Amino acid sequence: MENFTKKLDSTDVQRRLTLPENCLKDFPRDHEANLKFKDEEGQVWTFRCRVSPGRSSKPALSGDWFSFVRKKGLTTGDVIVIISDKEKDVAAGEDFKIKIKKSASTHHQH
């Protein structure tokens, strides 16, 4: 997976996180796998990744994604950054790092 940034939309926050079409180049279509993401606090989350067999080959993340959204208070307009963890901790099974950039509008609601 290439490093990428995504601004969350309502589907990402309410249903599943869809990723750019070719971000998982080696991930086969009609396949599911559990991917591990380490957040900025060091907590590891397991997101279920699925690529549909149809024409749209955008990978979608579910599983712990909804717990992650709730715990982090993510809303539409927030930005996540996913980084392929080249120095990953193999023993812990971490594949990626995930960072959050809250949108400016979110800060004004507090």
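The coordinates are above.
Residues numbered from 1 in each chain as written. Predicted model: local features only at pLDDT ≥ 70, side-chain atom pairs only at ≥ 80, totals over all residues. Heavy atoms only, no water.

## Describing the nonpolar core
Filter applied, for reference: The term nonpolar core refers to a set of buried residues drawn from Ala, Val, Leu, Ile, Met, Phe, Trp, Tyr and Cys, joined through side-chain atoms within 4.5 Å. Only protein chains enter the accessibility calculation, which uses a 1.4 Å probe; a residue is then buried when its area is under 20% of its type maximum, exposed when over 50%, and partly exposed in between. Helical segments are the DSSP runs of H or I of at least four residues, strand segments are the runs of E of at least two, and each set is numbered from the N terminus. We call two residues contacting when some pair of their heavy atoms lies within 4.5 Å.
Among the nonpolar cores identified, the biggest contains 20 residues, and L17, F37, F47, W65, I80, I82 and I98 are the most heavily contacted of them. Breaking this core down by element, the ones donating at least two residues are β3 (31–38), β4 (44–51), α2 (65–72), β6 (79–84) and β7 (96–101). Apart from residues lying up to four places away in sequence, I80 is in contact with F4, T5, K6, L8, L17, W65, L74, I98 and K99.

## Digging into the pattern of salt bridges
Stated precisely, the cut-off is as follows: Throughout this description, the term salt bridge denotes a Lys or Arg side-chain nitrogen within 4 Å of a carboxyl oxygen of Asp or Glu.
If you walk through the whole model with that rule in mind, you get 6 salt bridges. For the salt bridge of R50 with E32, the shortest nitrogen-to-oxygen distance reads 3.1 Å. Of this pair, R50 sits in strand β4 while E32 sits in strand β3; the two residues are 18 residues apart in sequence, bridging distant segments of the chain.

## As for α2
Convention followed: What the arc describes is the spread of directions from the helix axis to the C-beta atoms.
Considered for burial, the residues of α2 that qualify are W65, F68, V69 and K72. An end-on view of α2 places all buried positions within 100 degrees of arc, on one side of the element. In α2, those exposed residues whose orientation departs by more than 90 degrees from the buried face are R70 and K71. Buried residues belonging to α2 abut α1 (10–14), β2 (17–18), β4, β5 (59–63), β6 and β7. G73 lies just past α2 and shows a positive phi near 65 degrees.

## Digging into the sheet that holds strand β1 (residues 4–7)
The following threshold applies: By the convention used here, strands pair only if DSSP detects at least 2 bridges between them. The convention used is that axes are lines fitted to C-alpha atoms, helices contributing only their stretch in contact, and that angles between N-to-C directions extend from 0 to 180 degrees.
The strand order across the open sheet formed by 7 strands is β1-β6-β7-β3-β4-β5-β2, and the pairing between neighbours is mixed. Taken across any chain shown, the strands that pair with only one partner, and hence form the sheet edges, are β1 and β2. Relative to β7, β3 runs parallel, the two sharing 2 bridges. Its bridge partner being in β7, K38 is matched across the sheet by K97. Here α2 sits on the sheet in contact with β2, β4, β5, β6 and β7, set at roughly 130 degrees to β4.

## What to know about the side chain of D12
Mapped onto the elements of the fold, D12 is located in helix α1. Residue D12 is classed as buried on the basis of its relative accessible area, which comes to 0%. Sequence-distant contacts of D12, defined by excluding residues within four places in its chain, comprise K6, K7, L17, T18, W65 and V69.

## Things to note about the packing of aromatic side chains
Short version of the rule: Two rings from Phe, Tyr or Trp (for Trp, the six-membered ring) form a pair when their centres are within 6.5 Å of each other. A pair whose planes differ by under 30 degrees is stacked, one over 60 is edge-to-face, and the rest are tilted.
Within the structure shown, the criterion is met by 6 aromatic pairs. Aromatic pair F47 and F68: ring centres 5.6 Å apart, planes at 70 degrees, arrangement edge-to-face. On the criterion of sequence distance, the pair formed by F47 in strand β4 and F68 in helix α2 is long-range, its members being 21 residues apart. An identical accessibility class is assigned to F47 and F68; each is buried. Through successive ring pairs, a cluster of aromatic residues spans F37, W45, F47, W65, F68 and F96.

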